[in-house]
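Breakdown of the fold
These are the residues of each chain, in order.
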Amino acid sequence: MPETIQNTAPSPLALPSPIPLVEHPAAVYLATLSPGSRPTMRQALNAIARLLTNSSCDAMTLNWAALRYKHTAAVRSVLSEKYAPAYVNKVLCALRRVLKEALRLEIMDAVDFARAVDIPNVKVTKQLRGRVLTAEEISQLMQTCFDDPTPTGYRDAAIFAILRGSGVRRSEVVNLDLSNLDLNTGAIEVRGGKGGKDRTVYLPDAALTVVLDWLSLRDFEAGPLLCHINRGSRIVRRRLTSQAVLFILQKRGLEAGVTNFSAHDFRRTFISDLLDAGEDISTVQRLAGHANSDQTARYDRRGEETKRCAVQKLTIPGQRKKSPLLM
């Protein structure tokens, strides 16, 4: 982040000396998160620390217990001017959670805590985020991978097939091991998803075929399902990062002429298409790993045409007698 907030506190915001991880509020908070969520929230905490200390501290060297209302309010102000409300609120949530751990660890006074966390979330627009990918766009993306005869083409096709066919999150797809995939049924065991929850999803047969093509090159030894490929097109059994998947999607999108989409748009498409196919929202909720059906409904991007078609199924009973006025 380009801007910083000059520290005007009488005492420095940097920790005077390292403290054990079990007593560090940021470390304790991060330990409560799933492996997939941890890097994102650590990055958010690092951003807060840099803002408050002119980039001299990160999440582990900032003295979180020294933060007061003037600091948290300033963080909210700077972030809300530059970033989307949803992102700002996610960062503020992490900030509040760390300060809550500082209170629990008895290194922050209850009054100071209450004042520091008394900052409102940024109002989020009601306009739906993201979009649904059309069947033609998905076909173009897949074909771009199929036209690439190298191991990279096979791997990237598998990535798209898993995102499209199972609706998993980007952070979840990179954490998949071969052992999480049932090669017979297409069942995928998602471990440590959002909120630390496990769930089972399923690949459709067409997607499983694409993944099996990739495994025929990767081989069937244990390890990460999706691997790094070096410049010599040699498969290296090293797990892809979430950022690497983002770059792959962007690269293939440019090649296919499909732009302005994200990995999460595959998830929105997955949910919308299942609902459009008549699947009940409870089943879709479990596949998506949502806590409740309201959260699943927010991913529905089927639009006005779906609503128009739905009401066409209704009938108006009875029959009007012909009027002389209409003869």
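For the structure given in this document, a descriptive report is provided here. (Residues numbered from 1 in each chain as written. Predicted model: local features only at pLDDT ≥ 70, side-chain atom pairs only at ≥ 80, totals over all residues. Heavy atoms only, no water.)

**Brief notes about helix α12 (residues 281–288)**
Put simply, the rule is: Exposure categories follow from relative accessible area, calculated using a 1.4 Å probe and restricted to protein chains: below 20% of the type maximum is buried, above 50% is exposed, and the middle band is partly exposed. Runs of H or I in DSSP of at least four residues are treated as helices and runs of E of at least two as strands, each being numbered from the N terminus. By definition, the arc is the one covered by directions from the helix axis to the C-beta atoms. Two residues form a contact once any of their heavy atoms are found within 4.5 Å.
Where α12 is concerned, the buried positions are Val284, Gln285, Leu287 and Ala288. Seen along its axis, α12 keeps its buried residues to an arc of 165°; they face one direction. Buried residues belonging to α12 abut β2 (199–202), α11 (263–276) and α13 (293–297). Just beyond α12, the residue with positive phi is Gly289, at close to 75°.

**Structural notes on helix α10 (residues 242–256)**
In plain terms, the rule: In a helix, the anticipated span is given by 1.5 Å times the number of residues less one.
The terminal C-alpha atoms of α10 lie 21 Å apart, and with 15 residues this matches the ideal 21 Å at 1.5 Å per residue to within 8%. Burial in α10 covers these residues: Val245, Ile248, Leu249, Arg252, Gly253 and Ala256. All buried residues of α10 lie within an arc of 130° about the axis, which places them on one face of the element. Following α10 by one or two positions, Gly257 has its phi on the positive side, about 75°.

**A look at the packing of aromatic side chains**
Using the following cut-off: Each Phe, Tyr or Trp ring, with Trp reduced to its six-membered ring, pairs with another whose centre is within 6.5 Å; inter-plane angles below 30 degrees give stacked pairs, above 60 give edge-to-face pairs, and intermediate values give tilted ones.
Counted according to the given criterion, the structure contains 3 aromatic pairs. Geometrically, the ring pair formed by Tyr83 and Tyr87 is tilted, given 5.2 Å between the ring centres and 50° between the ring planes. By relative accessible area, which is 31% here, Tyr83 ends up partly exposed. A ring pair is formed by Phe261 and Phe266, whose centres lie 6.1 Å apart and whose planes are at 80°; its orientation type is edge-to-face. Under the relative-accessibility criterion, Phe261 is labelled buried at 15%.

**A word on the side chain of Thr53**
Cut-off, in case you're wondering: The definition of a polar contact used here is a pair of N or O atoms within 3.5 Å, where within protein one atom must be able to donate a hydrogen and the other to accept one, and adjacent residues in sequence count solely through side-chain atom pairs.
Examined against the element boundaries, Thr53 turns out to sit in helix α2 (residues 38–53). One polar contact links the side chain of Thr53 to the main-chain carbonyl oxygen of Ala49, over a distance of 2.7 Å.

**Some words on the nonpolar core**
Taken as a class, soluble globular proteins show a tendency for nonpolar side chains to be buried jointly. Here is the rule: Buried Ala, Val, Leu, Ile, Met, Phe, Trp, Tyr and Cys residues that are joined via side-chain atoms within 4.5 Å together make up what is termed a nonpolar core.
Judged by nonpolar contacts, the single largest core of 41 residues is most densely connected at Ile162 and Leu226. Mapped by element, the contributors of at least two residues to this core are α6 (135–146), α7 (151–166), β1 (187–190), α9 (205–218), β3 (227–229), α10 and α11. Ranked by residues supplied to this core, first place goes to α7 with 7 residues. Residues within four places of Leu226 in sequence aside, it is in contact with Arg155, Ala158, Ile159, Ile162, Val173, Trp214, Arg238, Arg239 and Leu240. Among the nonpolar cores identified, the runner-up in size contains 36 residues, and Tyr29, Ala49, Trp64 and Leu67 belong to it.

**Thoughts on the pattern of salt bridges**
Rules: By definition, a salt bridge exists where a carboxyl oxygen of Asp or Glu is found within 4 Å of a side-chain nitrogen of Lys or Arg.
The full count for this structure, using the stated rule, is 17 salt bridges. Salt-bridge contacts for Arg252 lead to Asp156; the nearest nitrogen and oxygen are separated by 2.9 Å. One end of the pair, Arg252, is in helix α10; the other, Asp156, is in helix α7, and 96 residues separate them in sequence. A salt bridge links Arg164 to Asp273, with the nearest nitrogen and oxygen atoms 2.9 Å apart. A residue pair is termed long-range when its members are at least 10 positions apart, and Arg164 in helix α7 and Asp273 in helix α11 qualify at 109 residues. Classification of Asp273 by relative accessible area gives partly exposed; the value is 30%. Counted as one network, the salt bridges with shared partners bring together Asp148, Arg155, Asp156, Lys251, Arg252 and Glu255.

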